[in-house]
Amino acid sequence: QVQLVESGGGLVQPGGSLRLSCVTSGFTFSPYAMSWVRQAPGKQRELVARIISGGSTYYADSVKGRFTISGDNAKNTVYLQMNSLKPEDTAVYYCTHVNGYWGQGTQVTVSS
């Protein structure tokens, strides 16, 4: 059974940090197959970050320099370190797999 379980979301003040985790099971984990996507109310889904084969990474322009994606093969887990958070980062964050698997999402709210 395929499972992707996100955690680490919450309420944080502007300028703060959060680290999201996505623990996976039910398939052979590879960080190159994983991405983080977010959806804010009334907005389209946005690809936030992914690890590209060869070790390079992609980040949306809106998060470059603030977010870092990483993976841990031993723990079947992908992470998203989010620093210098802004109110516009408020969204539900999902980890996704290239085969179309999605987690349930974790809410991130940036507000003072």
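To keep things clear, this report deals only with the structure shown in the data block. Note that this is a predicted model, so its numbers are computed, not measured. (Residues numbered from 1 in each chain as written. Predicted model: local features only at pLDDT ≥ 70, side-chain atom pairs only at ≥ 80, totals over all residues. Heavy atoms only, no water.)

**Side note on the pairing of strand 7 (residues 67-72)**
Thought 1: As paired strands, strand 7 and strand 8 (residues 77-82) are joined by six bridges and run antiparallel to one another. Bridging from a neighbouring strand, phenylalanine 67 pairs with methionine 82 of strand 8.
Thought 2: Linking strand 7 back to strand 8 in an antiparallel pair, the connection comprises four residues, with asparagine 76 at a positive phi of about 50 degrees. (Pairing = 2+ DSSP bridges. Helix = DSSP H or I, 4+ residues; strand = E, 2+ residues; numbered from the N terminus.)

**Here we look at the environment of valine 110**
Thought 1: Within the secondary structure, valine 110 is located in strand 10 (residues 106-110).
Thought 2: Take valine 110: its relative accessible area is 4%, and that puts it in the buried class. (Buried < 20%, exposed > 50% of the residue type's maximum accessible area, 1.4 Å probe, protein only.)

**Concerning the packing of aromatic side chains**
Thought 1: In this structure the tally under the stated criterion is two aromatic pairs.
Thought 2: Taking 5.3 Å as the distance between ring centres and 40 degrees as the angle between the ring planes, the aromatic pair formed by phenylalanine 27 and tyrosine 101 counts as tilted. One end of the pair, phenylalanine 27, is in the loop between strand 3 (18-25) and strand 4 (34-39); the other, tyrosine 101, is in the loop between strand 9 (91-97) and strand 10, with 74 residues separating them in the sequence.
Thought 3: For phenylalanine 27, a relative accessible area of 16% translates into the label buried. (Phe/Tyr/Trp six-rings, centres within 6.5 Å; stacked < 30°, edge-to-face > 60°.)

**Some remarks on the pattern of salt bridges**
Thought 1: One pass over the structure, following the stated rule, counts four salt bridges.
Thought 2: Across the pair arginine 66 and aspartate 89 runs a salt bridge, and its minimum N-O distance is 2.7 Å. Residue arginine 66 is found in the loop between strand 6 (57-59) and strand 7, and its partner aspartate 89 is found in the loop between strand 8 and strand 9; the two are separated by 23 residues along the sequence.
Thought 3: You can call arginine 66 buried: its relative accessible area is 10%.
Thought 4: Connected via shared salt-bridge partners are Arg38, Glu46, Arg66 and Asp89. (Salt bridge = Lys/Arg side-chain N within 4 Å of Asp/Glu carboxyl O.)

**As for the pairing of strand 1 (residues 3-7)**
Thought 1: The two faces of strand 1 differ: Leu4 and Glu6 on one face are buried, but Gln3, Val5 and Ser7 on the other face are not.
Thought 2: For strand 1 and strand 3, the ladder comprises five bridges, and the chain directions are antiparallel. Paired with valine 5 across the bridge in strand 3 is valine 23.

**Describing the sheet that holds strand 10**
Thought 1: As summarised here, the arrangement of the six strands in space is 2-10-9-4-5-6, forming an open sheet in which the pairing is mixed. In this open sheet, the two strands that pair with only one neighbour each are strand 2 (10-12) and strand 6. Taken over all neighbouring pairs, the strand axes of this sheet differ in orientation by 25 degrees on average, direction set aside.
Thought 2: Sheet topology note: the strand 4/strand 5 (residues 46-51) ladder contains four bridges and is antiparallel. Considered in strand 5, the bridge of serine 35 is made with arginine 50. (Axes fitted to C-alpha atoms, helices over the stretch in contact; angles between N-to-C directions.)

**A look at the state of the cysteines**
Thought 1: Tallied over the entire structure, the rule returns one disulfide.
Thought 2: Bridging cysteine 22 to cysteine 95, the disulfide has an S-S length of 1.9 Å. Here the disulfide of cysteine 22 and cysteine 95 is right-handed, its torsion about the S-S bond being about 40 degrees. With cysteine 22 in strand 3 and cysteine 95 in strand 9, this pair connects stretches of sequence that are 73 residues apart.
Thought 3: In this structure cysteine 22 comes out as buried when scored by relative accessible area, which is 0%.
Thought 4: Taking relative accessible area as the criterion, cysteine 95 reaches 0% and is therefore assigned buried. (Disulfide = S-S within 2.5 Å.)

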